[in-house]
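One-letter residues, chain by chain:
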Amino acid sequence: MRVRLRVNGAERQVDVEPRVTLLDALREVIGLTGTKKGCDRGECGACTVHVNGRRIDACMTLAVMHEGDEITTIEGLDHPVQRAFLEHDAFQCGFCTPGQLMSAAACLAEGHTGSDAEIREWMSGNTCRCAAYPHIVAAVREVAGRA
Amino acid sequence: MATSIEEKPDFKWIGKSIRRVEDPRYLVGRGGYIGDIKLPGMLYTAVLRSPFAHARIGSIDTGEALEVPGVVAVFTGQDCKEKMNPCANFGPPTITQYPLAVDKVRYCGEAVVAVVAESRYAAEDGVEAVEVDFEPLDPVVDPIAAIGPGAPVLHEEHGNNLAYERIFEFGEVDDAFREADVVVEDKLHWGRSSGMPLDTCGAVARPALNGSLEVYCNSLNFNFFIWLVAAALKLPSNKFTVIPVPAGGSFGSKFFAHKVPTLAGFLALQTGRPVAYIEDRLDHITNSDHHGSDRYYDVRMGLKSDGTITALDVDVVDDYGAYLQFGVGTHGNSLSQAVGPYRLKNLRYRLRAALTNKCQQGAYRGFGSEVQNWVLERMVDKAARQLGMGPEEIRRHNFIQPDEFPYKIPTGNIYDSGNYPAVLQRAIEMLDLDKWRTEQERARKEGRHIGIGVVTTQERSVFSSTEFWFWFDKPAFPLTSSPESVTLTIDPTGEFQVQMHSQAMWGNSPETVAAMLVAEEFGVDPYKVNVSYADSAHSLPGTGPGGSRFTVMIAGAVRGASKRLRAKLFKIAAHELEASEDDLEIVEGVVRVKGVPDKSRSLAELASTAYFFALNLPEGVESGLEESCTYDHPYTTLPSDDRKDLGVFYPFMGHACHIAVIEIDAETGTHKFLDYVAVHDAGTVVNPKTLAGHVTGGAAQGIGSAMYEELVYDEDGQFKCSTFMDYLIPTAMEVPEFKLGHVETPSPYTEFGIKGGGEGGRMVAPAAISAAIDDALSDYGVRITQLPIKPSEILRQIETGTQS
């Protein structure tokens, strides 16, 4: 099936089977490999992208459900939280980082940053096996202006 | 944060918290992991996994699968048996393994059939269409039963399920127990968890134009063992090249993970096309190379009435699963620091390695030494309770003292340096232990259960290869090397290149470490140093990351290469400046005559001469500025023939004290961290910021192994936790803020005095948490004897304690 997506501001037409996930369409068809596949079951958050401004797990939705949607991936993200991750050493292996960053940017936009506990809860869908969590929280806290 | 207790040399970069040089590319999605590699004409692999724990493989019908659109080929274990050699094997030769099961499956999830197709979707369709006749056999899941009489045998050729048995005895153990005033005993079980990185193991293999096979792969240690994989594929080692790819986390799980590259290589050779095999989560969790340790202990500890520990008797059965990845190497790690930080002289260590119908086990952060730490600390705590001593009191009483180093422990290993009382004292002060003890008392009166767990453990670093074989009286290959190499280049414009010869970025900060060391040596900006990674066809000897060895070893190699490069620069500069080499120094990237700063040459000027002006070079100096150094393990000795002394094999001995303050809800058995202090001694700290990441990450994984993570098989050998809904990795909600501190006792044997610290908090946290829970619920007589600690177990013990 042919589906039109707006990815990082550019229109992309992709031809995919109906069963192809948005994640596989982005990675395998469009070639944007920044978005990661960690579990393919919506349990780790590595594939978090923004769809019409909302963060979702791209492995849990089909590409054909997103005709005309505005999709932002890590390749299209330009957000102060990226620099904050750098300063706070908020990752080690970097594999979960695209998902963490997409989630962090959304968490900030949603305003779920009133306390460290709130940040932790609203970032808890993104697993970091290196467990840089305290540093991720610090980065989000800083951008939220609570540092 | 880092505080020195000794006079420290005046380093310019070492010891500075700088942000990592690797980082920028990861912030924009350009990490470049194995799943991101797409080669023209590449095929994709999906694997049919065994639904049974133990079964004979009957007929396999691949006909329908081959009809599936997009499917190119289907391979079975029989194909492997006919066309390749068994996989690399460090265990008994009677236990053979192929990347696809041959004749029998031995655990749930074992790979049986590989389908290769134009897309992963088509490959999965192909797997659905394969028909396999399994003839189920009785499984054996309990390791004690597995090595007992009448158990189903996994490997008929091996004859039984006992893969290894030996008793090591150091000192006079029976005498010590006879003379002990107090003997404490316990049965302990460390449950099975694993590194479980978000990036699974993967490989892309390509038959290259020159007739060799190229394998892109995120397995570590690739050039140390590479010839073993080549041998499995029946290739000469010079026709098999591994190209390192960044690993999105390993934590042990990619430590020479051979199954994936071997299978991808086999499939590429058979189809003549590039083939990717990337484990999906289910592949990895059920069929990886490395589940972690799964050990059952009977332990006795003998003490004098004043609390002096005199003897330790360890009887351990380790549940290895169906195959042996590294033989019993994880117990070498245990033996390297078997007596912990304590002056304990008499040790017996009986090891039995059991084969069961489970996935094989191998490496997980600590490589088995973290288990010994937990066991030893559990016993010290039990003894302290029995003797009425405080946890810090019994530890202080038994510590090896700062003036006793280098200290030889009963197994023969050397502890290079340390200051255990100082580490403990720092942790106590950082926590304000007295304040928490007061708060604990106050809360107890309100019916709240706060516990404080104080533990002190070793953190060995930098293995020697003798620990691979001292298990055997007649080892087949008693190697003694475990080197690491670096090639250092100043290019024609004066810019630095570092080439490493182990694995690409794997989550440590190899580039930051190398760049900081080069900056230290030459006074240049670390962010201007470029770091690359050699493939196996171009690599110098290297052993790869693992066992907290990388920073120590790469520091040695960078230092060695720097000395050679500096000597050459000085030769050229001396010639140009008409000065003596002895009068030169290098300051902030400029070679100059000491005391005459304007008599100088920049690195760019010297590089220009070195590359382009051969006639200006002194006689006998070749063009170019490139030097390599292969740095061997700086302190390895052979074991004695009778194995009463295992030699020096893990001498750079870090140390740590963790104090966890935990509140337990006695109604639900759930817990809350109230405070957590972790003080580590990793010798000279290179970068406090990145070391903090490792201590934190390790401690978090320790929390996982202690309280959440368990790879569960039921009594039929069915695997019960194949997703992250069942296998519980700590999230931001479960990992507390850690207060981190460092005490630095530099190693006398390594460059700059560095010790390894990469395995960090996982060596310590499980013991601290167990102790804190015991302490919180001491009124009920709760004692943690198995990991992970489940709320249901806490409630069961509270109930038992209430009734008695």
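On a predicted model such as this, the values are computed, not experimentally measured, just so you know.

1. Some thoughts on helix 7 (residues 259-271) of chain B
Residues spaced three or four apart along an α-helix face the same direction, because each turn holds 3.6 residues.
Residue and element names in this part refer to chain B.
Line of reasoning, step 1. The end-to-end C-alpha separation of helix 7 is 18 Å, in line with the 18 Å expected for 13 residues at 1.5 Å each.
Line of reasoning, step 2. Among the 13 residues of helix 7, 10 are classified as buried, and the element is accordingly described as predominantly covered.
Line of reasoning, step 3. Buried within helix 7 are the following residues: Lys259, Val260, Pro261, Thr262, Leu263, Ala264, Gly265, Phe266, Leu267 and Ala268.
Line of reasoning, step 4. Once helix 7 finishes, Gly272 follows within two positions and takes phi at roughly 70 degrees, a positive value.

2. Some thoughts on the interface of chain B and chain A
Line of reasoning, step 1. In this assembly, 52 residues from chain B lie in contact with 43 residues from chain A.
Line of reasoning, step 2. On the chain B side of the contact with chain A, Leu27, Tyr121 and Leu198 of chain B bury the most area, a combined 20% of that side's loss.
Line of reasoning, step 3. Put simply, chain B and chain A have eight salt bridges between them.
Line of reasoning, step 4. Linking Arg129 of chain A and Glu709 of chain B is a salt bridge whose minimum nitrogen-to-oxygen distance equals 2.7 Å.
Line of reasoning, step 5. In this structure, the connection of chain B to chain A is made through 26 residue pairs in polar contact (both at pLDDT 80 or more).
Line of reasoning, step 6. The set of elements that each furnish at least two residues to the side of chain B that touches chain A consists of helix 3 (120-129) and helix 17 (688-708) of chain B.
Line of reasoning, step 7. When residues of the side of chain B that touches chain A are assigned to their parent elements, the largest contribution, eight residues, is made by helix 17 of chain B.
Line of reasoning, step 8. Split by residue class, the side of chain B that touches chain A holds 26 nonpolar, 15 polar and 11 charged.

3. So, the domain arrangement of chain A
All names here are of chain A.
Line of reasoning, step 1. For chain A, the assigned domains are domain 1 (2-76) and domain 2 (80-143).
Line of reasoning, step 2. Domain 1 and domain 2 are separated by 21 Å when their C-alpha centres are compared.
Line of reasoning, step 3. Contact residues are listed per partner, giving 15 residues for domain 1 and 16 residues for domain 2.
Line of reasoning, step 4. Carbon and sulfur atoms make up 57% of the area that domain 1 and domain 2 hide from each other, which totals about 1100 Å².
Line of reasoning, step 5. For the interface between domain 1 and domain 2, the tally reads one salt bridge.
Line of reasoning, step 6. Ionic pairing is found between Glu110 and Arg55, a salt bridge with its closest N-O pair at 2.8 Å.
Line of reasoning, step 7. In this assembly, domain 1 and domain 2 are joined by seven residue pairs in polar contact (both at pLDDT 80 or more).
Line of reasoning, step 8. Counting residues per element, the side of domain 1 that touches domain 2 draws most heavily on strand 3 (residues 48-51), which supplies three residues.

4. Here we look at the pattern of salt bridges
Line of reasoning, step 1. Tallied over the full model, the rule gives 75 salt bridges over all chains.
Line of reasoning, step 2. For Glu70 of chain A, the salt bridge is made with Arg6 of chain A, and the minimal N-O distance between the two is 3.5 Å. Separated by 64 residues along the polypeptide, Glu70 of chain A in strand 5 (residues 70-72) and Arg6 of chain A in strand 1 (residues 2-7) bring together distant segments of the chain.
Line of reasoning, step 3. Glu70 of chain A sits in the partly exposed class, given a relative accessible area of 32%.
Line of reasoning, step 4. In this structure, the salt-bridge partner of Lys254 of chain B is Asp199 of chain B, at a minimum N-O distance of 3.9 Å. With Lys254 of chain B in the loop between strand 12 (240-244) and helix 7 and Asp199 of chain B in the loop between strand 9 (182-190) and strand 10 (202-207), the pair connects residues that are 55 residues apart, well separated along the chain.
Line of reasoning, step 5. Under the relative-accessibility criterion, Lys254 of chain B is labelled buried at 0%.
Line of reasoning, step 6. Through salt bridges with shared partners, one network takes in Asp186, Glu377, Arg378, Asp381, Lys382, Arg395, Asp774 and Arg783 of chain B.

5. As for the sheet that holds strand 23 (residues 584-587) of chain B
All names here are of chain B.
Line of reasoning, step 1. The strand order across the open sheet built from three strands is 23-24-25, with neighbouring strands paired in antiparallel fashion. Bordering the open sheet on either side are strand 23 and strand 25 (596-602), each of which pairs with just one other strand. The sheet shows a mean angle of 35 degrees between the axes of neighbouring strands, taken without regard to direction.
Line of reasoning, step 2. Running at roughly 115 degrees to strand 23, helix 15 (residues 550-577) makes contact with strand 23, strand 24 (590-593) and strand 25 of the sheet.

6. Points about unusual backbone geometry
Line of reasoning, step 1. With an omega of -5 degrees, the peptide bond between Phe405 of chain B and Pro406 of chain B qualifies as cis.
Line of reasoning, step 2. Of note, the amide linkage connecting Leu787 of chain B to Pro788 of chain B takes the cis form, showing an omega dihedral of -5 degrees.
Line of reasoning, step 3. Within the secondary structure, Pro788 of chain B is located in the loop between strand 30 (786-787) and helix 19 (791-803).
Line of reasoning, step 4. Positioned with a positive phi, Asp40 of chain A is a non-glycine residue whose angle comes to about 65 degrees.

7. Notes on the sheet that holds strand 9 of chain B
All names here are of chain B.
Line of reasoning, step 1. Strand order in the open sheet made by the six strands is 8-16-15-14-9-30, with mixed pairing throughout. Two strands in the sheet have a free side with no partner beyond their single neighbour: strand 8 (162-170) and strand 30.
Line of reasoning, step 2. Both strand 9 and strand 14 (residues 295-303) contribute to a ladder of nine bridges, which runs antiparallel. Residue Trp190 lies in a different strand from strand 14, and its bridge partner there is Arg295.
Line of reasoning, step 3. Each of strand 8, strand 14, strand 15 (309-319) and strand 16 (346-354) touches helix 9 (residues 329-336); the most contacted strand, strand 16, lies at about 165 degrees to it.

8. Digging into the packing of aromatic side chains
Residues and elements named next belong to chain B.
Line of reasoning, step 1. Applying the stated rule across the entire model yields 39 aromatic pairs over all chains.
Line of reasoning, step 2. A ring pair is formed by Tyr164 and Phe472, whose centres lie 5.7 Å apart and whose planes are at 90 degrees; its orientation type is edge-to-face. A residue pair is termed long-range when its members are at least 10 positions apart, and Tyr164 in strand 8 and Phe472 in the loop between strand 19 (449-461) and strand 20 (484-490) qualify at 308 residues.
Line of reasoning, step 3. For the pair Trp506 and Phe550, a centre-to-centre distance of 5.0 Å together with 80 degrees between the ring planes defines the contact as edge-to-face. Note that Trp506 is positioned in the loop between strand 21 (496-500) and helix 14 (510-522) and Phe550 in helix 15, a separation of 44 residues in sequence.
Line of reasoning, step 4. An aromatic cluster is built from Tyr164, Phe168, Phe170, Phe463, Phe468, Phe470, Trp471, Phe472, Phe649 and Tyr650, whose rings are joined through pairwise contacts.
Line of reasoning, step 5. Here the basic side chain of Arg19 rests over the ring of Tyr527, its NZ or CZ set 4.8 Å away from the ring centre.

9. Things to note about the confidence of the model for chain B
Line of reasoning, step 1. For chain B, the mean per-residue pLDDT works out to 96, and 99% of the residues sit at or above 70.
Line of reasoning, step 2. Note that pLDDT drops below 50 for residues 1-6 of chain B; the model gives that stretch 19 contacts with residues more than four away or on any other chain.

10. Points about the domain arrangement of chain B
Residues and elements named next belong to chain B.
Line of reasoning, step 1. What the domain assignment reports for chain B is domain 1 (399-463 + 650-804) and domain 2 (483-631).
Line of reasoning, step 2. Placing the centre of domain 1 and that of domain 2 at their C-alpha centroids yields a distance of 40 Å.
Line of reasoning, step 3. At the junction of the two partners, domain 1 supplies 20 residues and domain 2 supplies 20 residues.
Line of reasoning, step 4. Across the domain 1 to domain 2 interface the summed buried area is about 1500 Å²; carbon plus sulfur atoms make up 68%.
Line of reasoning, step 5. The tally of links from domain 1 across to domain 2 stands at one salt bridge.
Line of reasoning, step 6. The partner of Arg559 in a salt bridge is Glu751, with the nearest N and O atoms 3.5 Å apart.
Line of reasoning, step 7. Linking domain 1 to domain 2 there are four residue pairs in polar contact (both at pLDDT 80 or more).
Line of reasoning, step 8. Going through the elements one at a time, strand 19 and helix 17 are the ones with two or more residues in the side of domain 1 that touches domain 2.
Line of reasoning, step 9. Class assignment for the residues of the side of domain 1 that touches domain 2 results in eight nonpolar, eight polar and four charged.

Each value, and the rule that gives it
Residues numbered from 1 in each chain as written. Chains lettered and ligands numbered in written order. Predicted model: local features only at pLDDT ≥ 70, side-chain atom pairs only at ≥ 80, totals over all residues. Heavy atoms only, no water. Helix = DSSP H or I, 4+ residues; strand = E, 2+ residues; numbered from the N terminus. Expected span 1.5 Å × (residues − 1). Buried < 20%, exposed > 50% of the residue type's maximum accessible area, 1.4 Å probe, protein only. Contact = heavy atoms within 4.5 Å. Buried area = accessible area lost by both parts, 1.4 Å probe. Salt bridge = Lys/Arg side-chain N within 4 Å of Asp/Glu carboxyl O. Polar contact = N/O pair within 3.5 Å; in protein donor to acceptor, adjacent residues only side chain to side chain. Nonpolar A, V, L, I, M, F, W, Y, C, P; charged D, E, K, R; others polar. Domains from an automatic or database assignment. Pairing = 2+ DSSP bridges. Axes fitted to C-alpha atoms, helices over the stretch in contact; angles between N-to-C directions. Phe/Tyr/Trp six-rings, centres within 6.5 Å; stacked < 30°, edge-to-face > 60°. Lys NZ or Arg CZ within 6 Å of the ring centre and 35° of its normal. pLDDT = per-residue confidence, 0-100.

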